[in-house]
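Residues per chain, in single letters:
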Amino acid sequence: IAGHTTLSDPAVKTGGNGLWFFSYIASGGPGGSDWEVFVRRSTNAGATWGAPVAVTNDTNFDDKPYMDARGTEVLVGYADFGFSPAKVRAARSTDGGLSFGSDVVLANNSVGGNGACPVIDASGIYYMFWRDSFQESLWVSRSTNQGASWSADRGIVDMNPLPSTLPGGFRMVNLPSAAADPATGDLIVVWNDQRFWNPDILSIRST
């Protein structure tokens, strides 16, 4: 795609009215040899896609760029491995994915973070959820001004994650997934957990 030699971690979201967004990390092409975050957009429900737009452009390894969209607003969360441990960052577009800005670190009180899960609710409030694998907990930060500024991050629930490697060498990534109810605004976060001895999917809700 567009001269990239390697791509990974795809995610896709729709903003509605035929507007779709596709995020991924890639090396080669516009990003050189480093792994950067890119977003492409489609204005015809995925029939054709525009050129890659760089969300990041640095010398760090940027990972797992998940996103949410609402109209022409696009919120991307990713892990910046320029920090040790990695820190969760958020970048946003308010022009339908043509450009990205307000790229800020959210994991401040959190020791580190990965698996950023962005949510834009029906009222336009931004949320970012992630796992802090050092404190083994789920964290959240939110923005009421389209990502221009964010609240102090805070832990919301402890985790007891599954082993990172399962028998046979299979990799297990313990990361959250979240969504907002479009009718009520309730927030739901789910994750894999073994606090009850066997592997389960747990959920937590905010009203």
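Below, the structure is looked at part by part.

Criteria and cut-off values
- Residues numbered from 1 in each chain as written.
- Predicted model: local features only at pLDDT ≥ 70, side-chain atom pairs only at ≥ 80, totals over all residues.
- Heavy atoms only, no water.
- Pairing = 2+ DSSP bridges.
- Helix = DSSP H or I, 4+ residues; strand = E, 2+ residues; numbered from the N terminus.
- Axes fitted to C-alpha atoms, helices over the stretch in contact; angles between N-to-C directions.
- Buried < 20%, exposed > 50% of the residue type's maximum accessible area, 1.4 Å probe, protein only.
- Contact = heavy atoms within 4.5 Å.
- Salt bridge = Lys/Arg side-chain N within 4 Å of Asp/Glu carboxyl O.

1. Details of the sheet that holds strand E15 (residues 177-180)
- Read from one edge to the other, the open sheet built from three strands follows the order E15-E16-E17, with strand pairing classed as antiparallel. On the outer flanks of this sheet lie E15 and strand E17 (200-206), each paired with one strand and no other. Geometrically, the sheet is characterised by an average inter-axis angle of 20 degrees between neighbouring strands, direction not taken into account.
- Bridge analysis of E15 against strand E16 (residues 187-193) gives four bridges, and the strand direction is antiparallel. Within the sheet, the bridge partner assigned to Ala179 lies in E16 and is Ile188.

2. Concerning the sheet that holds strand E7 (residues 87-93)
- One open sheet accounts for four strands, arranged E5-E6-E7-E8; its pairing is antiparallel. The strands lining the two open edges of the sheet, one partner per strand, are strand E5 (62-70) and strand E8 (101-105). On average, each strand axis in the sheet is tilted by 15 degrees relative to the strand beside it, whichever way the strands run.

3. With respect to the environment of Asn160
- The topology assignment puts Asn160 in the loop between strand E12 (154-158) and strand E13 (165-166).
- Owing to a relative accessible area of 34%, Asn160 belongs among the partly exposed residues under this scheme.
- For the pair Asn160 and Pro199, spaced 39 residues apart in the sequence, the C-alpha separation amounts to 9.8 Å.
- If we ignore the near neighbours within four places in the chain, the residues touching Asn160 are Asp193, Gln194 and Arg195.

4. Quick notes on the pattern of salt bridges
- Applying the stated criterion across every chain, the model contains seven salt bridges.
- With its nearest N and O atoms 3.1 Å apart, the salt bridge here joins Lys64 to Asp63.
- By relative accessible area, Lys64 is classed as buried at 9%.
- For Asp63, a relative accessible area of 8% corresponds to the buried category.
- Note that Arg89 and Asp80 form a salt bridge whose closest N and O atoms lie 3.2 Å from each other.
- Salt bridges sharing common partners tie together Asp80, Arg89 and Asp103.

5. Topic: unusual backbone geometry
- Following Ser84, the chain continues into Pro85 via a peptide bond in cis, with omega recorded as 0 degrees.
- One non-glycine residue, Asn17, lies in the positive phi region at around 55 degrees.

Take it as geometry only, folks, not as evidence of what the structure does.
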